2 protein chains.
Amino acid sequence: MAIVTIHEVGLRDGLQIEEQAVPTERKLDWIARLAAAGLRMIQVGSFVNPQKVPQMADTDELFRRLSSTERPPGVVYSGLVLNERGLERGLACGVDYFCMGVSASETHSRKNTGMGIAEATGRIVAMGQAAAAAGKGVQVSVQSAFGCGFEGAVPRGRVLDLVRRFLDAGLTSVSLADTAGHANPAQVDALFGAVRALDERLTMTCHFHDTYGMGLANAYAAWRAGVTSFESAFGGLGGCPFTAVAAGNVCTEDLVHLLSRMGSNVGIDAAAVSEVTKDAAAFFGRPLPGVIHRTGPIPYPAA
Amino acid sequence: MAIVTIHEVGLRDGLQIEEQAVPTERKLDWIARLAAAGLRMIQVGSFVNPQKVPQMADTDELFRRLSSTERPPGVVYSGLVLNERGLERGLACGVDYFCMGVSASETHSRKNTGMGIAEATGRIVAMGQAAAAAGKGVQVSVQSAFGCGFEGAVPRGRVLDLVRRFLDAGLTSVSLADTAGHANPAQVDALFGAVRALDERLTMTCHFHDTYGMGLANAYAAWRAGVTSFESAFGGLGGCPFTAVAAGNVCTEDLVHLLSRMGSNVGIDAAAVSEVTKDAAAFFGRPLPGVIHRTGPIPYPAA
């Protein structure tokens, strides 16, 4: 059975939407505890304009602090970069692994970056190649790959074209992100099947949100389609805290529990991740989505 | 594409755990609205001791009222029976379709019925044959088919033996019920695959609870394994109202939404089911599980 990688993105995709900034020391504590729980890939933050996203203002400092601390064996810290300035900052502060992406929705791309898909793709491909040339790990993603809140359905061909562009540029680690939570499991199965057929060198990652309750079903569909790398957030962070809807990322501890019950080699302690979730729920003063941090895991081994 | 049947069990498996009894008139209103939303199979109640489960005390009256009312085209009303006395009552008040079951867990069987699996199976098989001989529809279920809160793992062979017993008795409509919510999607895939291989006459139904957040993922796994009949409850009713955990049945409107997004021929209006959920949430004075009754469906057709 293939080893499953879970890329913990709660500190970035989870926190960026929160009004209340998490102090640097607490972020470092969460990162240390997530690593101790067995997570081997942890996204620390994004290199965005600190005026625009104050929650991410300490990303450079976090990487410097992590670089000067003894690292748990095998742990990789990733950072999200949106432009060349972010890449420069990331290279300067010790990022191991760069994540960057292009939206498959023209409207989403323009709203998010001020550029259309074609221009954004050219820049992201060049950035990815530069990061790789600097000896760094690189993951490129297709955002809104399963549908878009602005445009609705996103043609599969457009997603496949973007993946081909990445592959042609030698960028073989590709994430398909369901930014809006619009994916359904049959679509996940079909799209990852089509992407996998493009090139056997491809390492596929999936990134789902639980906006319409389909997050774990989609993760299972991806797993069944051969995806072994999953992005998720402890406590299902990432939903808007001002609505009743659990629209955050797929919840790490719930995903770990599901994959573990299926016999996957995950190597992560869902109960230990849940402790970080409980701390975050106390910090934000509200219940967080996800189930396992309330129930604990099923109390006996899977058959 | 096969037509999917959703068997709405909220009025039975959902309500039986609620302290606050729902008045008969309101139940009739919910049933009418669920049928108008497109649900073609609705479980009205169970024939249990009214002293023990006051919430189900009006089951006979509900069936009499429904029998004397014009029925929406194609709608079937089902009732759960636990013993011969219940079957007699059901035959007397006009039940179309009888549901009955045996637990695959010896401990669960004894706690639930006072009988071990072997004795309970003999009685249920005889009841099923009697109901069929009376010209009624019959579904037999294996409860705790995926694991048990008392015993832990349930051997697959024991589930298959029970299904074989049903088949040998000519009872070909079989539901596998995840009473405790312990199923995982890989297990669902494997177990339904094994059951389907027993006999091509079999009509398979699945029944999942969302105790550990895996309900919809399990439903998808069952769908992918060829199951076209699903039991679910509007608003995800059926969890204990005194815990924070959403441990109820898989939520009908969320399941309808998921199946519809995958292009299944469901024929049910998730938004109309959601209106019944909202009414139930107001009646019980607490938020109910499930997502779609808060978000509404994804606002564009699936690709």
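What counts and how
- Residues numbered from 1 in each chain as written.
- Chains lettered and ligands numbered in written order.
- Predicted model: local features only at pLDDT ≥ 70, side-chain atom pairs only at ≥ 80, totals over all residues.
- Helix = DSSP H or I, 4+ residues; strand = E, 2+ residues; numbered from the N terminus.
- Rg over C-alpha atoms; globule rule 2.2 N^0.38 Å.
- Buried ≥ 20, exposed ≤ 12 C-beta atoms within 10 Å, placed from the backbone.
- Contact = placed C-beta atoms within 7 Å.
- Least-squares fit on C-alpha atoms with pLDDT ≥ 70 in both.
- Nonpolar A, V, L, I, M, F, W, Y, C, P; charged D, E, K, R; others polar.
- Pairing = 2+ DSSP bridges.
- Right-handed = clockwise from strand over helix to strand, strands pointing away.
- Domains from an automatic or database assignment.
- Axes fitted to C-alpha atoms, helices over the stretch in contact; angles between N-to-C directions.
- Parallel < 35°, antiparallel > 145°, perpendicular 65-115°, else oblique.
- Left-handed = near helix turned anticlockwise from the far one by under 90°.

This brings us to the overall build of chain A. For chain A, the helix and strand inventory stands at 12 helices and 8 strands. Taken over C-alpha atoms, the radius of gyration comes to 18 Å for chain A, in line with the 19 Å a tight globule of 303 residues would show. In terms of principal-axis extent, the alpha carbons of chain A reach across some 50 × 40 × 40 Å. Looking at chain A residue by residue over its 303 residues, the buried ones come to 54%. Pairs at least 24 residues apart make up 72% of the contacts formed inside chain A by residues separated by at least 6 positions.

Moving on: unusual backbone geometry. With phi around 50°, Ser144(A) is a residue other than glycine that occupies positive phi space. Structurally, the position occupied by Ser144(A) is in the loop between strand E5 (137-143) and helix H7 (156-168).

Moving on to the relation of the copies chain A and chain B. When chain A is fitted to chain B, the residual RMSD is 0.0 Å, and the transformation amounts to a turn of 180° plus an axial shift of 0.0 Å. Here the transformation between the copies is reduced to the relation of a two-fold axis. Within chain A, Ala217(A) has its C-alpha nearest the rotation axis, a separation of 1.9 Å. Most of the interface of chain A is mirrored in chain B: 100% of its interface residues are interface residues there too.

Moving on, we get to the interface of chain A and chain B. Contact residues are listed per partner, giving 32 residues for chain A and 32 residues for chain B. Of all the secondary structure elements, the ones that give two or more residues to the side of chain A that touches chain B are helix H8 (185-196), helix H9 (215-224), helix H10 (252-261) and helix H12 (292-295) of chain A. By residue class, the composition of the side of chain A that touches chain B is 20 nonpolar, 9 polar and 3 charged.

Residues and elements named next belong to chain A. In terms of burial, strand E2 (residues 41-47) is largely enclosed, as 7 of its 7 residues are buried. Of the pairings in the sheet, the one linking strand E1 (residues 5-8) to E2 comprises 2 bridges and is parallel in character. Across the sheet, residue Glu8 finds its bridge partner in E2, namely Ile42. Once the chain exits E2 it traverses helix H3 (residues 59-67) before rejoining the sheet at strand E3 (residues 76-81), and the crossover so formed is right-handed.

What follows covers the domain arrangement of chain A. By a widely used convention, the size of an interface equals the accessible area lost when the partners come together. All names here are of chain A. For chain A, the assigned domains read domain 1 (1-79 + 233-303) and domain 2 (96-215). Counting residues at the interface gives 15 residues for domain 1 and 12 residues for domain 2. Considering every element that reaches the side of domain 1 that touches domain 2, the biggest residue donor is E3, with 4 residues. Of the residues contributing to the side of domain 1 that touches domain 2, the split by class is 7 nonpolar, 8 polar and no charged.

With that settled, consider H10(A). Taken across its 10 residues, H10(A) has 10 buried, putting it largely inside the fold. For H10(A), the full list of buried residues reads Thr252(A), Glu253(A), Asp254(A), Leu255(A), Val256(A), His257(A), Leu258(A), Leu259(A), Ser260(A) and Arg261(A).

Residues and elements named next belong to chain A. Strand order in the closed barrel made by the 8 strands is E1-E2-E3-E4-E5-E6-E7-E8, with parallel pairing throughout. Adjacent strand axes in the sheet meet at a mean angle of 25° when their direction is disregarded. This element, H9, spans strand E6 (173-178), strand E7 (203-208) and strand E8 (229-232) of the sheet and lies at about 170° to E7. With respect to the sheet, H10 is in contact with E1 and E8, its orientation differing from that of E1 by roughly 175°.

Glancing now at the environment of Thr172(A). All names here are of chain A. Here Thr172 lies in the loop between H7 and E6. Accessibility expressed as a C-beta count within 10 Å gives 18 for Thr172, which makes it partly exposed. In this structure the C-alpha to C-alpha distance between Thr172 and Gln139, which are 33 residues apart in sequence, comes to 7.7 Å. Non-local contacts of Thr172, meaning those with residues more than four positions away in its chain, are made with Leu167, Arg201, Leu202 and Thr203.

Let's shift gears to the sheet that holds strand E3 (residues 76-81) of chain B. All names here are of chain B. Read around the closed barrel, 8 strands run E1-E2-E3-E4-E5-E6-E7-E8, paired in parallel fashion. Looking at each pair of strands side by side, their axes are set apart by 25° on average, direction ignored. Bridging between strand E7 (residues 203-208) and strand E8 (residues 229-232) involves 3 bridges; their strand directions are parallel. Within E8, the residue paired with His207 across the bridge is Glu231. Sheet contacts for helix H3 (residues 59-67): strand E2 (41-47) and E3; angle to E2, the most-contacted strand, approximately 140°. Against the sheet, helix H4 (residues 84-93) touches E2, E3 and strand E4 (97-103), its axis set at about 155° to E3.

Right, let's talk about the packing of H9(A) against helix H9 (residues 215-224) of chain B for a bit. Helix packing geometry: the angle between the two helix axes and the distance between the axes. At a minimum axis separation of 7 Å, H9(A) and H9(B) run at an interaxial angle of 45°. Accordingly, the angle class assigned to the pair H9(A) and H9(B) is oblique. Of the two elements, H9(A) crosses H9(B), and the hand of that crossing is right-handed. The residues of H9(B) that touch H9(A), namely those facing Leu216(A), Ala217(A), Tyr220(A) and Ala221(A), are Leu216(B), Ala217(B), Tyr220(B) and Ala221(B). A per-class count over the contact of H9(A) with H9(B) returns 8 nonpolar, no polar and no charged.

With respect to the helices and strands, the residue Glu200(A) is situated in the loop between H8 and E7. For Glu200(A), a count of 7 C-beta atoms within 10 Å corresponds to the exposed category.

All names here are of chain B. Mapped onto the secondary structure, Leu39 falls in the loop between helix H2 (24-36) and E2. Here Leu39 falls in the buried class, since 29 other C-beta atoms lie within 10 Å of it. For the pair formed by Leu39 and Ala233, sequence separation is 194 residues and the distance between their alpha carbons is 11 Å. Setting aside chain neighbours within four positions, we find Leu39 in contact with Ile6, Glu8, Leu34 and Ile268.

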